[in-house]
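Examination of the molecular architecture
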Amino acid sequence: MIQPVQERVMGSQYCSYRVGGPLDEPYVPKTLDESIEILSLARERGCPLTVIGGGANTIIASQGIRGITFLCKRLMFVEQVGELTFKIGAGMPLARVAKLAQDHHATGAEFMIGVPGTLGGAISMNAGAMGQETAGIIDQAIVYNLETGEIEAWPHEQLMFSYRKSVINPKKMVVLGAQVTFRSGEPQAITELIQKSLSFRQKHHPKEPNGGSVFKNPLPDKPSGLLLDQLGAKGWREGGAMVSPLHANFIVNVEHATSTDILKLMLRMKHAVKAEFGLDVFPENRFLGDATEEEKSIWEELTGHVWNN
Ligand SMILES: Cc1cc2nc3c(=O)[nH]c(=O)nc-3n(C[C@H](O)[C@H](O)[C@H](O)COP(=O)(O)OP(=O)(O)OC[C@H]3O[C@@H](n4cnc5c(N)ncnc54)[C@H](O)[C@@H]3O)c2cc1C
């Protein structure tokens, strides 16, 4: 029987913003069997369940997370099932997926080299960059259905990928792994794309703790970063959170930021874009955990949805 992690675990250890309070009952499964055991337990108890991959797109509440937290990071199997087809665990770091493809002279995953996080999180978010996205390599996701308690294979079409979105709702289904197929590529072109991605990030992404792009782009030709830059948002601050001086769509944790600091800063950014350009921007970041009443109401304003975490 798998046990929760015994020592005190803080959400900040699993969140690239380095925010997040205590996790009541964290589990770190390494195998599919352990994962099923934990998810069945959550189902039987009917207790809150929170799923976290690399925490690279997630703000974790400073009050922490109640109930079971399923931390996917160690679920890292790889099995080759065809020439360029692999079954990969949900916890596999994206950089390792990129390397796996490169080692097989295959294309489609180069963008993953510089994107922090796990394969499961990338499927949920349909992460992408440089004209590639996660959807491009996914044949099927292997999910645990929390409504039925069954393991199911969801084919590509059923995952309904769109811009930074898929049908995966971690309250209803947890990605345990995926079958991916890369395309045969030209080794030099693959290496060049990987190098391009790494050097772009080196130059344009902040070094301080952050959660990547805060807002999705409201329109393909109107990137949120550009709009916010034009507003002079770089350097805006709320408590310990600041809009990165390097990239106006990134918030960085410069001085013990709380989840509330980040959310308040996001709201200021959203209001400013609306006032100046008449455009609504919506969060790319997710917000998980035990929100305060103030945080719930800010999140509702940011997303336009009722808080239902
Ligand atoms: C410096 C930096 C640069 C970034 N650059 C990019 C970029 O270029 N392109 C891009 O798209 N993103 C980018 N991101 C954001 C982030 O890396 C991606 O969204 C990534 O896919 C998140 O993966 P994760 O495992 O960390 O997800 P998490 O943050 O852990 O989770 C994200 C969401 O997915 C859910 N989830 C996680 N794992 C599972 C699972 N196994 N089953 C079901 N639901 C799950 C979570 O509950 C949460 O709702 C960047 C982030 C940083 C910090």
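The rules behind the values
- Within each chain, residue numbers correspond to sequence positions counted from 1 in written order.
- Totals for whole chains, interfaces and linings use all residues, but because this is a predicted model, local features are given only for residues with pLDDT of at least 70 and pairs of side-chain atoms are given and counted only at 80 or more.
- Comment: elements are numbered from the N terminus, with helices defined as DSSP H or I runs of at least four residues and strands as E runs of at least two.
- Working rule for helices: expected span equals 1.5 Å times residues minus one.
- Neighbour density around each residue's C-beta defines its exposure: 20 or more other C-beta atoms within 10 Å make it buried, 12 or fewer make it exposed, and counts between make it partly exposed, where C-beta atoms are placed from the backbone.
- Each C-beta atom gives one direction from the helix axis, and the arc is the one those directions make.
- Two residues qualify as being in contact provided that their C-beta atoms, derived from the backbone, are within 7 Å of each other.
- Each pair of strands is called paired provided DSSP finds at least two bridges between the two strands.
- Whenever a helix is involved, its axis is fitted only over the stretch in contact; in every case the axis is a line through C-alpha atoms, and angles between N-to-C directions fall within 0 to 180 degrees.
- For each domain, the first and last residues come from an automatic or database assignment.
- What makes a residue near a molecule or strand is its C-beta atom, placed from the backbone, lying within 6 Å of it.
- Every angle not falling under 35 degrees, over 145, or within 65 to 115 is termed oblique; those three ranges are roughly parallel, roughly antiparallel and roughly perpendicular.
- Handedness of each helix crossing follows the sense of rotation of the near helix against the far helix: counterclockwise by less than a right angle gives left-handed, clockwise gives right-handed.
- Three residue categories are used. Nonpolar comprises Ala, Val, Leu, Ile, Met, Phe, Trp, Tyr, Cys and Pro, charged comprises Asp, Glu, Lys and Arg, and polar comprises the others, including Gly.

Moving on, we come to helix α4 (residues 187–204). If you check α4, its first and last C-alpha atoms are 26 Å apart, about what 18 residues at 1.5 Å a residue would give, namely 26 Å. Listed as buried for α4 are I190, L193, I194 and S197. In a view along the axis of α4, the buried residues occupy a sector of 100 degrees, so they form one face of it. Turned more than 90 degrees from where α4 packs its buried face, Q188, A189, T191, E192, Q195, S199, Q202 and K203 sit exposed. Turning to α4, the residues buried within the fold contact α2 (94–103), β7 (106–107) and β8 (128–129).

The next subject is the sheet that holds strand β10 (residues 138–145). Across the sheet, five strands lie side by side as β5-β6-β12-β10-β11; this open sheet has antiparallel pairing. The strands lining the two open edges of the sheet, one partner per strand, are β5 (78–80) and β11 (150–155). Averaged over neighbouring strand pairs, the angle between their axes works out to 20 degrees when direction is ignored. Bridge count for β10 against β11 is six bridges, and the pairing is antiparallel. The partner of Q140 across the bridge, within β11, is P155.

Assigned domains of the protein chain: these are domain 1 (11–74), domain 2 (78–190) and domain 3 (224–302). The distance between the C-alpha centroids of domain 2 and domain 3 comes to 29 Å.

Moving on, we get to the site of the ligand. Taken together, 32 residues surround the ligand, and among them G53, G117, G120, G121 and G212 come closest. Looking at the shell around the ligand, the elements that each hand over two or more residues are β2 (49–52), α3 (119–125), β8 and β12 (173–181). Tallying contributions element by element places α3 first for the shell around the ligand, with five residues. Each of domain 1 (11–74) and domain 2 (78–190) accounts for three or more of the residues forming the shell around the ligand.

Direction vectors running N to C along helix α6 (residues 259–277) and helix α7 (residues 293–303) enclose 30 degrees, while the axes themselves pass 10 Å from each other. The orientation of α6 with respect to α7, classified from their angle, is roughly parallel. Once α6 is placed against α7, the crossing between them reads as left-handed. Touching S259, T260, L263, K264, M266, L267 and K270 of α6 are E294, E295, I298, W299, E301 and L302, all from α7. In terms of residue class, the contact of α6 with α7 is built from six nonpolar, two polar and five charged.

Once that is clear, we can look at unusual backbone geometry. The phi torsion at H105 lies on the positive side, around 50 degrees, for a residue other than glycine. Looking at the secondary structure, you find H105 in the loop between α2 and β7. Phi is positive for R164, close to 50 degrees, though the residue is something other than glycine. Structurally, R164 is set in the loop between β11 and β12.

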